[in-house]
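If you want the building blocks of each chain, they are given just below.
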Amino acid sequence: MADTLPSEFDVIVIGTGLPESIIAAACSRSGQRVLHVDSRSYYGGNWASFSFSGLLSWLKEYQENSDIVNDSPVWQYHILENEEAIALSRKDKTIQHVEVFCYASQDLHEDVEEAGALQKNHALVTSTNSTEAADSACLPTEDESLSTVSCEMLIEQTPSSDPESALEVNGAEVTGEKENHSDDKTCVPSTSAEEMSDNVPIAEDTTEQPKKNKITYSQIIKEGRRFNIDLVSKLLYSRGLLIDLLIKSNVSRYAEFKNITRILAFRDGRVEQVPCSRADVFNSKQLSMVEKRMLMKFLTFCMEYEKFPDEYKGYEEITFCEYLKTQKLTPNLQYIVLHSIAMTSQTASSTIDGLKATKNFLHCLGRYGNTPFLFPLYGQGELPQCFCRMCAVFGGIYCLRHSVQCLVVDKESRKCKAIIDQFGQRIISKHFLVEDSYFSENTCSRVQYRQISRAVLITDRSVLKTDSDQQISVLTVPAEEPGTFAVRVIELCSSTMTCMKGTYLVHLTCTSSKTAREDLEPVVQKLFIPYTEVEIENEQVEKPRILWALYFNMRDSSDISRSCYNDLPSNVYVCSGPDCGLGNDNAVKQAETIFQEICPSEDFCPPPPNPEDIVLDGDSLQPEANSETLKESTNLGNLEEPSE
């Protein structure tokens, strides 16, 4: 690969997370020569999604990564006298405190393997001999630490990583706003959640489904390709920056989406559904008629709160929670607004923050469904890959498993001029984008990182049972003790293509105060119970049962000032990893800001040209009718809103 790489580019991007992938796509679209490299064997970095066996391999990779010993750097011999080097790290230290628990029956035999799994590639598995390669992926029990994990399965990206995969929007049609374009063959009518499983382009499940309440670990392994497990848990606001960017750039054609079907609240030990739309409010049996009128009056004010400054100007110095107490709302309504609509901190969010969050929630309602949120089928890890495909379409070059040893800096100009890769090749560029995790401890010695606590659970049923078993839910559990944070729970059903039939995939996220398990286990115990043989026969158990659980802490490198990094050249830009927020606005803002510094006069991810309107060199001028088509195609970003 190194022999075939060009020696000069306009932009070199190191890391394939969401911000880096968006910038790479935008630069490639504007005509820049882009090299996009990642030392990992998969796209997305900490934004990635894995099949079940892929996740086990990722866990093993991190265990082995912690044992890496930095050898004497050979790249030093490639540095000239008028140059100096910024060494990049070989260790990824963004994941800590990993704990894995298996509660399902571990009747795993050697002949049980993932259905449809590819043959193991020994070249990609570190320290694997012929005996180890024959072993199936196994899991530690509650009493075992991560160091006992033995996972020799090939890391697998999500099944829709094929560049030819089509866009279908299930339950909420993002590209449905382009109904008048006859060449868009991927649009489908909006369908109900019950019909989703019939519309998803995936092979029929011919394997025998386990009997209810008899899901075993071997079944999870066998159906492992049905899982797409996100390292970071987020949703897309239907009028958020990322949705607008996906539509504007036409990258949405590479992905499929479903709308979140319900928003839940946890109060007095019970989970209940929160009314979102006007119809939901007036049909709700949880609210009295007086409460319904009070809530509608307050939400109407929030939609246009800027027009009535006298209503909130005197409360700007207090928290949103305290402000709600002044608005003649019952404690029940205050709870719903604070935790299920605004979804803000009880102690840290100001009145203005709460009003903005409430307005944003209401503004996103009704665009694609009865909640403000969308979720990408096959997981959040699809989104970086979508932008990588766009970059490749416009000429970007991609190299996975390709590490960069150092950045080469000219001593006189203090500008970065090149990189030196693992093969010792020097590659010149004008601009360099580096994901935060690639910097060494020397570069980051003054950076104070926050941490995100994450848990991933596989359960046997929903936290709130209804007639339909295909519900996608978001729930906020408030903090109970000082110094702790509210926990966000996102529950995904099998129609999202993230888990096998008969199970749910549950993501828990909060800002860390301790280890992930210490932060999240109290909430897990409130909502779920471990899956045990004793409980299997008890059909009256109200809580869902946990089949498998993973806890880990992830570095939050967002909102860190560039000045905190030591001696970075002006043409080296830092991209952060995932933040703890629910949406993706931070990644899009970061990408657009960096792109404007690199290409100040270029449009950020403009719509692609219509292929019929592209005039090649030497071609005669097209008929006048084609200029009409071009005019239409350049307005794809101004899409007509569907009726609400």
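An account of the accompanying structure is given in this report.

Cut-offs and rules
- Residues numbered from 1 in each chain as written.
- Predicted model: local features only at pLDDT ≥ 70, side-chain atom pairs only at ≥ 80, totals over all residues.
- Heavy atoms only, no water.
- Helix = DSSP H or I, 4+ residues; strand = E, 2+ residues; numbered from the N terminus.
- Buried < 20%, exposed > 50% of the residue type's maximum accessible area, 1.4 Å probe, protein only.
- Areas by Shrake-Rupley, 256 points an atom, 1.4 Å probe, with all protein chains shown as cover.
- 1 Å grid on protein atoms, 1.4 Å probe; cavity = no way out; pocket = protein on both sides within 12 Å on 5 of 7 lines; lining within 4 Å.
- Points joined across faces, edges and corners; volume = space filled by probe spheres on them.
- Contact = heavy atoms within 4.5 Å.
- Polar contact = N/O pair within 3.5 Å; in protein donor to acceptor, adjacent residues only side chain to side chain.
- Pairing = 2+ DSSP bridges.
- Axes fitted to C-alpha atoms, helices over the stretch in contact; angles between N-to-C directions.
- Nonpolar A, V, L, I, M, F, W, Y, C, P; charged D, E, K, R; others polar.
- Domains from an automatic or database assignment.
- Salt bridge = Lys/Arg side-chain N within 4 Å of Asp/Glu carboxyl O.
- Phe/Tyr/Trp six-rings, centres within 6.5 Å; stacked < 30°, edge-to-face > 60°.
- Expected span 1.5 Å × (residues − 1).

Notes on the overall build of the protein
Within the protein, the regular secondary structure consists of 16 helices and 24 strands. Counting only residues that meet the buried cut, the protein has 56% of its 644 residues in that class. Accessible surface for the protein amounts to roughly 28,800 Å². Of this, 48% is attributable to carbon and sulfur atoms.

A closer look at empty space enclosed by the protein
Vacant regions in the atomic arrangement are exposed by a probe of water-molecule size rolled over the atoms. Under the counting rule described, the total for this entry stands at six cavities of 30 Å³ or more. As for the largest cavity, its lining consists of 13 residues, of which Glu20, Gly45, Asn46, Trp47 and Glu435 are closest to the centre.

Structural notes on the environment of Ser238
By the element assignment, Ser238 lies in the loop between β8 (236-237) and α6 (241-249). Sequence separation between Ser238 and Asn259 is 21 residues; the distance between their C-alpha atoms is 8.7 Å. What Ser238 contacts, discounting residues up to four positions off in sequence, is Ile243, Cys364, Arg367, Tyr368 and Pro372. Among the polar contacts listed, one links the side chain of Ser238 to the backbone oxygen of Cys364, at a separation of 2.6 Å.

Re the sheet that holds strand β4 (residues 83-87)
As summarised here, the arrangement of the four strands in space is β4-β14-β15-β16, forming an open sheet in which the pairing is antiparallel. Because the sheet does not close on itself, it has two edges, and the strands there are β4 and β16 (426-428). Averaged over neighbouring strand pairs, the angle between their axes works out to 30° when direction is ignored. Of the strand pairs in this sheet, strand β15 (residues 416-421) and β16 are connected by three bridges, and their pairing is antiparallel. Bridge pairing in β16 places Ile420 opposite Arg426.

Some words on the layout of surface pockets
Its boundaries defined by the atoms lining it, the second largest pocket holds a volume of some 1,500 Å³. Among the elements of the structure, α10 (331-341), α11 (351-364), β18 (450-459), β20 (487-492), β21 (504-511) and α15 (585-598) are those that each provide at least two residues to the lining of the second largest pocket. Counting residues per element, the lining of the second largest pocket draws most heavily on α11, at five residues. Per-class residue counts for the lining of the second largest pocket are 18 nonpolar, 18 polar and twelve charged. Formed jointly, the lining of the second largest pocket draws a minimum of three residues from each of two domains, domain 1 (8-93 + 378-448 + 558-598) and domain 2 (277-364).

Brief notes about the pattern of salt bridges
Applying the stated rule across the entire model yields 25 salt bridges. A salt bridge links Asp92 to Arg40; the shortest N-O distance between them is 2.8 Å. Placement of the pair is Asp92 in the loop between β4 and β5 (95-102) and Arg40 in the loop between β2 (34-38) and β3 (49-50), with a sequence separation of 52 residues. Summarising the burial analysis for this pair, Asp92 and Arg40 share the class buried. Between Arg426 and Glu83 there is a salt bridge, with its nearest N and O atoms 2.9 Å apart. Remark: Glu83 occurs in strand β4 and Arg426 occurs in strand β16; sequence separation between them is 343 residues. Its relative accessible area of 26% is what places Arg426 among the partly exposed residues. Overlapping salt bridges, with partners in common, bring together Asp38, Arg40, Asp92 and Glu435 in one network.

A closer look at the packing of aromatic side chains
The final tally for this structure, using the stated rule, is 19 aromatic pairs. Ring geometry for Trp58 versus Phe552: centroids 5.9 Å apart, planes at 65°, classification edge-to-face. On the criterion of sequence distance, the pair formed by Trp58 in helix α2 (residues 52-65) and Phe552 in strand β23 (residues 545-556) is long-range, its members being 494 residues apart. On the basis of relative accessible area, Trp58 is assigned to the buried category, the value being 0%.

Some thoughts on the environment of Lys501
Assignment of secondary structure puts Lys501 in the loop between β20 and β21. Under the relative-accessibility criterion, Lys501 is labelled partly exposed at 47%. Put simply, Lys501 and Phe227 are 274 residues apart on the chain and 9.9 Å apart in space, counted from C-alpha to C-alpha.

Some words on α11
Its 14 residues place the ends of α11 20 Å apart at the C-alpha level, agreeing with the 20 Å of an ideal helix rising 1.5 Å per residue. Among all positions in α11, only Thr351, Ile352, Gly354, Leu355, Thr358, Phe361, Leu362 and Cys364 are buried. Buried-residue contacts for α11 involve β8, β10 (262-267), α8 (289-303), α9 (320-325), α10 and β12 (373-376). Backbone geometry just after α11 places Gly366 at a positive phi near 85°.

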